[in-house]
Structures are given as C-alpha cells and as structure tokens.
Amino acid sequence: MSRSLALLFRIGRKKQPAIDLTASMSVLVIKPCSIGDVLLATPLFRALRVALPNSTLALAVGTWSKVAVANNPAIDEIIDCGEIGTPRKYEFGAYLALAGRLRSRAFDVAFVADRSPMMTLLPLLAGIPIRIGLDSKGRGFSLTTKVPVSEVRHETEIYLDVARHAGISADDVSPKFHPAPDDVVTAERVLEEWGLRGGALLVVAPGGGSNPGGSNPSKRWDPACFAETADRLQDGLGTRTVIVGQESDAGPAWEMRNLMRHDAVNLVGQTSFGQLGAILTFASVFLGNDSAPSHLAAAVGTPTVTVFLGTSLNQYRPLAPAAVAVLAGDNRETISDVVEAVKGLIEKWGVAGSGMRSDAGS
C-alpha cells in the first residue's frame, strides 16, 4: 500500500516549498516509540522549544513511551496515540481516528521523527500544511520537506536533522529526563530504607529488550557476566549493587542476584519509570544493556556504561558526556573491559551521586 501511495505522490510531486516558520505557531512532533528512542529524541524537542519559544509544542507519543517525556519542559502537551506507531499491529480505524483528532487541532507544522510511512502520512491526513520529517527509502513520500536518512549516523543526529532542515540550529545532542518531585522523594525514602545513601552505588539493569512490539533477548548480556562484574567492583572499590528493571526483567535479575558472591538489593518491578530516574541520580555509575534504563541513566546525568550485543553501538549509544559504550564479543572476555569502564567513570566523575544533578535539569 505504501509503495502505491509513494508512486502517486511522485507522479504529482512538486518542488519542496520553502519553510516559513513564525514566532508563534501550533507545532506537532510525531515520535510514537520506543521509550529509549523517545529519550534519544529529547534533544530535538529542546531544539524546537529554543527556536520557537512562543509556539505551542505538542508531542504525539505512544501510551507505553510517554513516560520518557513526563515533566519535559520543552513540551506543552502530550497527545497519547495509544498503540499507533508501535511495532505491534493496530487497527486502521484507530489510526484514522487519531488523524481526525489531530485534524481538529489545526496544527500549523508537523515534525516527524519516525521512518514509518504510516507516521509520515499521518500529518497529511491531519491536514497539517507544513510537514517536515524523515524520508527513509522513500517512505516520507507525503512530506512537504523530506529529510534523507543515513542509517550509519546516530539516531539523535538523525532526529535533529528534522529541525536542521527547517533552518533550526541543533547542536546539543545530550538526552534529558526530568523526574517529578514526588519521584525524588520516593527515591530518597527507598535508598534510606535500604541503607544505600552515601558511598559508591552501582545500579545494574541486566534485562531490557522488551516493548509492546515484542522481546529481543539477544540485546542482553549474560546475567552471569553482570554478576561477576558487580562482584569484582565490590571487591576492588567497595561498591554496593542495586538491580533494577521492569517486571519482565525478573528472570535475568534473579539469575544475576543468585550468582553474585556479594549482597545486592533487587528493586526490579518495584519502581515506576520516574522513580527509577530519580534513583539513578543518586548512583555513582549505571551499568546495563542497550535498553531504556541505560538511556534514562544518561538522561539524568548519571555516569553510564552500556553493553552492546545485537544493536549498533554507533547508532544507539547514549550521547551524554559521562556515557561509555562497550561492544561485547565473547561474553566473559568482555567483563574486564566493562569493569575498567566503570572504574574509569568513577575516577573521573566521583563516587557518590548527588541526587538531582545540575546537568540533568537543563
């Protein structure tokens, strides 16, 4: 279907019009999923807010992923688009209903940070006159300004190209997440209850790779490797370990905890996304797979080590100043590299997380 539509648009294609952005506009950004990718898109939201300070900025995002932008000061409104745009199949009627909801809002311009032809078509169906977005392999056929996609570049840079093609300066690539005040209070209480305030705190997420579209266990480092890494760090640096994740991560979390020689606190399934973000601000270092918690840690300013197996390090690694990515070959041979990466971050950035870091709130 998308190929047929693309052919029709090519037949009647005109030269891309000049983009005329004014100081006060009604702006829609479309970025439905996933949580990690939405966090990687936060520099785009910030660039648009800086360039269009008097405009209203709404974000169409999936129910699963909207936690990534709760309390984000760049966004005026979150439009929950349910499962639309996620890898899971959704009803075409729901898709048309969403287009109708957006049409009723009479947006002036749409920025589409998604490769799906259904997402690039959405602002046309919503009657939005200026449509700027990604054009990957011709899937942005219905856009008024098509932004070519190079898959070898980092996702954040690709998303920022959407702003750059509109003449907007976009140089800051650091992700940002803003825990709510209540989440900070909860984080402080949890850490006090477990006696984890002060000293070197290592937060580990051995799971990940799960979202509404399915599960990808190939992204996960062996829980035994996480266990040995945590034990070595406790032997050498006296770190204390907290294991985190969502309920679907219970399996690898239990396995890691069971294999450790030292004690560890298991908080898997016991925190909301915002509460986890707040807890991470108190950590010395975060360690995890290429998954939402790694991007969350980087987005709150926590020194972060991310282990990559089945995904591209160059395309998806956190771009925060205190973030390191390690490409895992043979699992056990990589342990020493991960241990050294964590030690290096602690040496550079200090032992104790200070709660709400100053670079996480801007």
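Please refer to the structure higher up on the page.
Residues numbered from 1 in each chain as written. Predicted model: local features only at pLDDT ≥ 70, side-chain atom pairs only at ≥ 80, totals over all residues. Heavy atoms only, no water.

Caption draft 1: Examining the sheet that holds strand S10 (residues 240-243) more closely. Strand order in the open sheet formed by 6 strands is S11-S10-S7-S12-S13-S14, and the pairing between neighbours is parallel. Two strands close off the open sheet at either side, each with one partner strand: strand S11 (264-266) and strand S14 (323-327). Each neighbouring strand pair of the sheet contributes to a mean axis angle of 20°, computed without reference to strand direction. Two strands pair when backbone bridges link them, and strand S12 (residues 285-289) and strand S13 (residues 304-308) are joined in this way by 4 bridges, in the parallel orientation. Bridged to phenylalanine 286 within S13 is threonine 304. Each of strand S7 (201-205), S12 and S13 touches helix H11 (residues 292-299); the most contacted strand, S12, lies at about 155° to it. (Pairing = 2+ DSSP bridges. Helix = DSSP H or I, 4+ residues; strand = E, 2+ residues; numbered from the N terminus. Axes fitted to C-alpha atoms, helices over the stretch in contact; angles between N-to-C directions. Contact = heavy atoms within 4.5 Å.)

Caption draft 2: The arrangement of the pairing of S13 in detail. In terms of residue burial, S13 counts as a mostly covered element, since 5 of its 5 residues are buried. Remark: the S12/H11/S13 crossover connection has right-handed handedness. Sheet analysis places S13 next to S14, joined by 5 bridges and oriented parallel. For valine 307, the partnering residue across the bridge sits in S14 and is valine 326. (Buried < 20%, exposed > 50% of the residue type's maximum accessible area, 1.4 Å probe, protein only. Right-handed = clockwise from strand over helix to strand, strands pointing away.)

Caption draft 3: Just the pattern of salt bridges, in detail. Throughout the structure, instances matching the rule amount to 18 salt bridges. As a salt-bridge pair, arginine 164 and aspartate 161 come within 2.9 Å of each other at their nearest N and O atoms. Here arginine 164 pairs with aspartate 161, and both are found in helix H6 (residues 155-164), just 3 residues apart, close to one helical turn. For arginine 164, a relative accessible area of 28% corresponds to the partly exposed category. Taken together, the salt bridges that share partners define one network made up of Arg153, Glu157, Asp161 and Arg164. (Salt bridge = Lys/Arg side-chain N within 4 Å of Asp/Glu carboxyl O.)

Caption draft 4: Region of interest: the nonpolar core. In this structure, Leu44, Phe45 and Phe111 are the most contacted members of the largest nonpolar core, which totals 64 residues. Setting aside anything within four residues of it in sequence, one finds leucine 44 in contact with Val29, Ala113, Tyr159, Leu160 and Ala163. Within the second largest apolar cluster, 27 residues are counted, among which are Val204, Leu233, Val268 and Ala341. (Core = buried A, V, L, I, M, F, W, Y, C linked by side-chain atoms within 4.5 Å.)

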